[in-house]
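Structural characterization, general
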Amino acid sequence: MNTPSGEKLALDGGQPVRTGPFPRRTPFGDREIELVTEAIRSQNLFGPSGRMVSEFERRFAALYGLQHAAASSSGTAAIHVAVGTINPDPGDEIITAPITDLGSVVPILYQTAVPVFADVDGTYTMDPEDVERKITRRTKAILVVHLFGNPCDMDAMLDISKRHGIPLIEDCSQAHLTAYRGRLVGTMGDLGAFSLQQSKHLTTGDGGMTVTRRGEWAERMRLFVDKAWTRKPGWGPRTYLFLSPNYRMTELQGAVGIAQCERVQGVVRRRNELGSLLSRLIEGIRGVHAPPVTPGGVHTYWSYPLRVTRWKPETFAKALQAEGVPASGGYIGKPIFLCADALCRWETFGRSGFPFTSPYVDGRRVYDESLCPRAQEALDHMVNLPVHESLADEDVKDMARAVQKVSAILPDS
Ligand SMILES: Cc1ncc(COP(=O)(O)O)c(C=O)c1O
């Protein structure tokens, strides 16, 4: 197929829009090297007796205008710390999002609570009306996910949380320093949790951070990272106050984290500029829609989820790749509960099927296609473009040119 001007898709042997590679993301620099070196020279990489992790926690909290932050080993750990702080009883329910990483869900199951999924609205984040419909007498928390860098409708979520007296956890893994009506996500709910995995706005390779504005929960949050160990100085009888794992961060990650705190504002600002530029450039292309931005929110583009309505996302992504633009179809492909045997087949603790098979749980939990049809519909039309802060404006213009070209030539599927 050709355009009216005779242009051919690169897939069909035409000239690609882009021949050179896109710049690689380079999140680390001399400052990280300097601080990691300092950590190693200190001859101590153990967080609780070092300086780096505690300083990283202090600086991370300060970025959010908060007092309390607890570093951990991953985003999944950070969410587990938040859930463990709320301390559900077996069979309690936690409402969360169908489009997310499994790390938002695993901690709920490890605390033997039951994940309940609210469908998304046009922002790809949880629909407040569906959240409210899913509340039962067993609902212990609402765990919202600010997806792709786009904040949830927090006015509505806070209103629901307040009216029902249910704590709100914010999964900010994909939305560091993301503003909503002048406040930052992670500071509005009761607890905020962040992944610091390699792809995130602020990264320590792997790592996590949990924050809270609630002083009365800060101690339990900190204890949960460290086996609930009270850590009195010196040897002697030990006290572990409740069941929790070891999720401690090392001084190496703490050192990198300090340096990352110094650059994350620039990262987030640049991602917003580039994502917004791309949205302007593709405006009006038939069958292609820029990512929605929640009213009152500032998108920080952890990724750029394009919506395509005339093509299968894999077909569109393949045509973009041939044009030299890295693109992938469909993010997680299907709602997270259909991706995970721990949910759809109850593959949990041994062969027990716990907690689903236990008397603690109300009703029979079925995780199937009927639960979140709008999430499936969104994923069925999604193509992800890797917008990141190491790109130049020209790189994003090439992405837009490729989207324009492919949409003009590729036959509908
Ligand atoms: C929204 C969301 N939640 C949770 C996680 C889990 O984080 P981690 O992979 O650091 O455990 C991720 C990571 O990809 C994520 O994107």
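Figured I'd write up the structure that's included with this text.

The rules behind each value
- Residues numbered from 1 in each chain as written.
- Predicted model: local features only at pLDDT ≥ 70, side-chain atom pairs only at ≥ 80, totals over all residues.
- Heavy atoms only, no water.
- Buried < 20%, exposed > 50% of the residue type's maximum accessible area, 1.4 Å probe, protein only.
- Helix = DSSP H or I, 4+ residues; strand = E, 2+ residues; numbered from the N terminus.
- Pairing = 2+ DSSP bridges.
- Axes fitted to C-alpha atoms, helices over the stretch in contact; angles between N-to-C directions.
- Contact = heavy atoms within 4.5 Å.
- Near = heavy atom within 4 Å.
- Polar contact = N/O pair within 3.5 Å; in protein donor to acceptor, adjacent residues only side chain to side chain.
- Areas by Shrake-Rupley, 256 points an atom, 1.4 Å probe, with all protein chains shown as cover.
- Parallel < 35°, antiparallel > 145°, perpendicular 65-115°, else oblique.
- Left-handed = near helix turned anticlockwise from the far one by under 90°.
- Nonpolar A, V, L, I, M, F, W, Y, C, P; charged D, E, K, R; others polar.

1. Regarding the pairing of strand β4 (residues 139-145)
Of all the seven residues making up β4, six are buried; the element is thus mostly covered by neighbouring parts of the structure. As defined by bridge partners, strand β2 (residues 93-96) adjoins β4 across three bridges and the pair is classed as parallel. Note that in β4 the partner of Ile94 across the bridge is Ala141. Judged from the four bridges that link them, β4 and strand β5 (residues 168-171) form a sheet pairing that is parallel. Within the sheet, the bridge partner assigned to Leu143 lies in β5 and is Ile169.

2. A short note on the sheet that holds β5
The seven strands are arranged β1-β9-β8-β5-β4-β2-β3 in an open sheet whose pairing can be described as mixed. Both outer strands of the open sheet, β1 (68-72) and β3 (114-117), are each paired with one neighbouring strand and no more. Direction aside, the axes of adjacent strands within the sheet are offset by 20° on average. Across five bridges, the pairing between strand β8 (residues 191-195) and strand β9 (residues 208-212) is antiparallel. Across the sheet, residue Ala193 finds its bridge partner in β9, namely Thr210. Against the sheet, helix α2 (residues 52-63) engages β1, β8 and β9, with an angle of about 130° to β1.

3. Some words on the site of the ligand
By nearness alone, 15 residues border the ligand, and Gly75, Thr76, Asp171, Gln174 and Ser195 come closest of all. The separation between an oxygen atom of the ligand and a polar side-chain atom of Gln174 is 2.9 Å. At a separation of 2.9 Å, an oxygen atom of the ligand approaches a polar side-chain atom of Lys200. Alone, the ligand offers 390 Å² of accessible surface; in the complex the protein occludes 90% of this.

4. Looking at the packing of helix α1 (residues 30-41) against helix α8 (residues 251-281)
Packed helices, taken two at a time, are described by the angle between their axes plus the distance between the axes. Contact geometry of α1 with α8 gives a least axis separation of 8 Å together with a crossing angle of 150°. It follows from the interaxial angle that α1 and α8 lie roughly antiparallel. Our pair here, α1 against α8, has a crossing hand that is right-handed. Residues Arg31, Glu32, Leu35, Val36, Ala39 and Ile40 of α1 form the contact with α8, whose participating residues are Glu251, Leu252, Ala255, Val256, Ile258, Ala259, Gln260, Glu262 and Arg263. When grouped by side-chain class, the residues that make up the contact of α1 with α8 number nine nonpolar, one polar and five charged.

5. A look at unusual backbone geometry
Of the consecutive residues Phe354 and Pro355, the connecting peptide bond is found in the cis state with omega at 5°. Relative to the elements of secondary structure, Pro355 occurs in the loop between α11 (341-344) and α12 (373-379). If you check the backbone angles, Asn87 has positive phi at about 60° while not being a glycine. Note that Asn87 resides in the loop between α3 (75-86) and β2. Look at Asn87 and you get partly exposed, because its relative accessible area is 38%. Even without a glycine there, the phi angle at Tyr124 is positive, about 75°. Here Tyr124 lies in the loop between β3 and α5 (128-133). Accessibility expressed as a relative area gives 7% for Tyr124, which makes it buried.

Nothing here speaks to function; it is all geometry.
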